Amino acid sequence: VWAAFVGPTGTGKTYALAALCSALAHSGFSALYARANDIIDRSSRRSLAEPKYGLAQDYDFLLVDECCASRCEHGSFFDIMDERYILGKPVIFCGNAPVYGDTDASIAFGIIGPRLSDRFFERQGKIIRFGWESLRGNHVTPNRSEQDSL
């Protein structure tokens, strides 16, 4: 199972990801919730002699928040996700939907980058859209010219 929770800020993606992680753990699976940057930081501090930083094999489910293509294309992050892909282990990504496309392919490309997108769809990855306005009540949607400058 590979999936991605995508949508604007404040729509409950992180909350849903954390709740899913808790439900998996209560069901007897090992599950880790982590932000993409934390995975990158953790992997860069560990010895290269250690097997794939422990994240590739140690958990039944890996749930990764705050994904964007620039983070997911980072060498160590990509290596961990690629190892999970090879092992057939599930990953659920979470990130803000890109402003430049609305197809599943363009959304995956914006959230996890081209290399992981290819693996994502080979694993029949599912894009789960959180398409409502912010639940925080303070969501700001940039106009088209502001989106283009992002």
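Now for a quick tour of the structure. (Residues numbered from 1 in each chain as written. Predicted model: local features only at pLDDT ≥ 70, side-chain atom pairs only at ≥ 80, totals over all residues. Heavy atoms only, no water.)

For the rest of this paragraph, the subject is helix H4 (residues 75–87). A rise of 1.5 Å per residue sets the reference length of H4, with its 13 residues, at 18 Å; its end C-alpha atoms lie 18 Å apart and thus fit the reference within 8%. Listing the buried residues of H4 in full gives Ser76, Phe77, Phe78, Ile80, Met81, Asp82, Glu83, Arg84 and Tyr85. Among the residues trailing H4, Gly88 stands out with phi positive, at a value near 75°. (Helix = DSSP H or I, 4+ residues; strand = E, 2+ residues; numbered from the N terminus. Expected span 1.5 Å × (residues − 1). Buried < 20%, exposed > 50% of the residue type's maximum accessible area, 1.4 Å probe, protein only.)

Moving on, we come to the layout of surface pockets. By volume, the second largest pocket amounts to about 220 Å³. Lining the second largest pocket we find 16 residues, and of these Gly10, Lys13, Thr14, Glu66 and Asn96 sit closest to its centre. Looking at the lining of the second largest pocket, the elements with two or more residues in it are helix H1 (13–26) and strand S4 (91–96). When the residues that make up the lining of the second largest pocket are grouped by side-chain class, the tally is 4 nonpolar, 7 polar and 5 charged. (1 Å grid on protein atoms, 1.4 Å probe; cavity = no way out; pocket = protein on both sides within 12 Å on 5 of 7 lines; lining within 4 Å. Points joined across faces, edges and corners; volume = space filled by probe spheres on them. Nonpolar A, V, L, I, M, F, W, Y, C, P; charged D, E, K, R; others polar.)

Moving on: the nonpolar core. Counting 26 residues, the largest nonpolar core has Val64, Phe77, Met81, Phe93, Leu116 and Phe120 as the members making the most contacts within it. Elements with a contribution of two residues or more to this core: strand S1 (2–7), strand S2 (31–35), helix H2 (36–45), strand S3 (61–65), H4, S4 and helix H5 (104–122). Here this core gets 6 residues from one element, more than from any other, and that element is H5. Those residues within four positions of Phe93 in sequence are excluded, and the remaining contacts are Trp2, Ala3, Ala4, Phe5, Val64, Cys67, Phe77, Met81, Ile112, Leu116 and Phe120. Listed in part, the 11 residues of the second largest apolar core include Ala3, Leu24, Ile92 and Cys94. (Core = buried A, V, L, I, M, F, W, Y, C linked by side-chain atoms within 4.5 Å. Contact = heavy atoms within 4.5 Å.)

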